[in-house]
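What follows is the residue order along each chain.
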Amino acid sequence: MADRAPEGRTPGEIEAARKLFAGPCDFISGAASVESLPPIALPEVAFAGRSNVGKSSLVNALTGRRTLARVSARPGHTRQINFFDLAGRLFLVDLPGYGFAQVSKSMKETWQDLASAYLRGRPTLKRVCLLIDSRHGVKDSDHETMKNLDRAAVSYQLILTKTDQLRQAEIPRAITAAEAAARKHGAAHPKVLPTSSQTGFGIPELRAEIAAVAMG
């Protein structure tokens, strides 16, 4: 039996995913309406989460690029659904953040409607990575998003971000709490992955998880 990486992936799977994410990755489309969504073509893995959870930083860390997804100090910077073509093999999809964007109620509703339409209408969507700030855990707004994903029958997985800002002993507790929250939702994957875009912790395992889901 092959040796297993910490999150259950073999070294071969980790290396294959590293090579995949080291390949070309290009921004191809920013959709601000359902009509402007790109044609269905490749498997898709989407990233969702509160506006300040670090989605753009995680996408950049996964692909080894600093500026692929724009990182802003102002929550709510992503105001459309951004599609990135990874080596012609899958789309990475950055969804608008929720919870803290300093915009009007009508604009927030427009983004929510767009995200809902995307989630329900993409048969090539393999999984949503739902990012959770490890310092704060699963918030009410996250539970609401999880309920929406449950209703849409979209598979999703909780990904803890910013674990570099926790003490080492706090990381297992954060994982356990997030796994307990996931068990309350039918469409949630049971395994929670901890990551840090700053240190690279957990990034190889998340790459391998995404590759297995999208390319399997």
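Predicted model, so just to flag it, every value in this text is computed and none were measured. (Residues numbered from 1 in each chain as written. Predicted model: local features only at pLDDT ≥ 70, side-chain atom pairs only at ≥ 80, totals over all residues. Heavy atoms only, no water.)

**Some remarks on the side chain of S29**
Our working definition: What counts as a helix is a DSSP run of H or I of at least four residues, what counts as a strand is a run of E of at least two, and both are numbered from the N terminus. The contact definition used throughout considers only heavy atoms, calling two residues in contact when any of these lie within 4.5 Å.
Mapped onto the secondary structure, S29 falls in strand β1 (residues 25-31). Excluding anything up to four places from it in sequence, S29 contacts S36, P38, I81, N82 and F83.

**Overview of the pattern of salt bridges**
Opposite charge on two side chains permits pairing when their charged atoms draw close. Just so we agree on the cut-off: By salt bridge we mean one thing: a side-chain nitrogen of Lys or Arg within 4 Å of a carboxyl oxygen of Asp or Glu.
Within this structure, the stated rule accounts for 11 salt bridges. The shortest N-O distance in the salt bridge between D133 and R135 comes to 2.7 Å. The shortest N-O distance in the salt bridge between R167 and E170 comes to 3.0 Å. Sharing partners across several salt bridges, the network here consists of R9, E13, R127 and E209.

**Regarding the nonpolar core**
Selection rule: Side-chain atoms within 4.5 Å are what join buried Ala, Val, Leu, Ile, Met, Phe, Trp, Tyr and Cys residues into a set we call a nonpolar core. Exposure classes here rest on a 1.4 Å probe applied to the protein chains alone. A residue is buried below 20% of its type maximum, exposed above 50%, and partly exposed in between.
Residues I81, Y118, V128, Y156 and L158 are the most contacted members of the largest nonpolar core, which totals 34 residues. Considering each element in turn, this core owes the most residues, five residues, to helix α5 (residues 170-182). The residues touching V128, leaving out its near neighbours within four places in the chain, are A46, A48, L119, L149, V154, S155, Y156 and Q157. Counting residues in hydrophobic clusters, the runner-up holds 26 residues, among them I14, F21, V53 and L58.

**Some details on the side chain of R122**
Of note, R122 is situated in the loop between α3 (105-121) and β5 (125-133). If sequence neighbours within four positions are ignored, R122 has contacts with L37, P38, P39, I40, E44 and F83.

**Re the confidence of the model for the chain**
Atom-level detail of predicted coordinates should not be read off regions where pLDDT is low. Rules: Confidence per residue, as judged by the predictor, is encoded in pLDDT with a range of 0 to 100.
Summing up the model confidence of the chain, the mean pLDDT is 87 and the portion of residues at 70 or higher is 85%. Counting interchain partners and residues more than four positions distant, the pLDDT-below-50 stretch residues 1-7 has 14 contacts. The model gives residues 71-76 a pLDDT under 50, and that stretch makes 12 contacts with residues more than four places away or in other chains.

**Describing the sheet that holds strand β4 (residues 90-94)**
Selection rule: At least two DSSP bridges between two strands are needed for those strands to be called paired.
Pairing is mixed in the open sheet, where seven strands are placed in the order β1-β3-β4-β2-β5-β6-β7. Unpaired on one side and paired on the other, β1 and β7 (193-194) mark the two borders of the sheet.

**Considerations on the packing of aromatic side chains**
Using the following cut-off: Ring pairs shown here join Phe, Tyr and Trp side chains whose ring centres sit within 6.5 Å, with only the six-membered ring taken for Trp; geometry is labelled stacked below 30 degrees between planes, edge-to-face above 60, and tilted in between.
One pass over the structure, following the stated rule, counts three aromatic pairs. Each member of the aromatic cluster is reached from another via a ring pair, and the members are F83, F91 and Y118.

**Digging into the pairing of strand β2 (residues 44-49)**
Counted residue by residue, β2 has six buried out of six residues, so it is predominantly covered. Because side chains alternate across β2, one face comprises the buried residues E44, A46 and A48, and the other comprises V45, F47 and G49, equally buried. Where β2 lies against β4, four bridges are found, and the strand directions are parallel. Counted as the bridge partner of A46 is V93 from β4.

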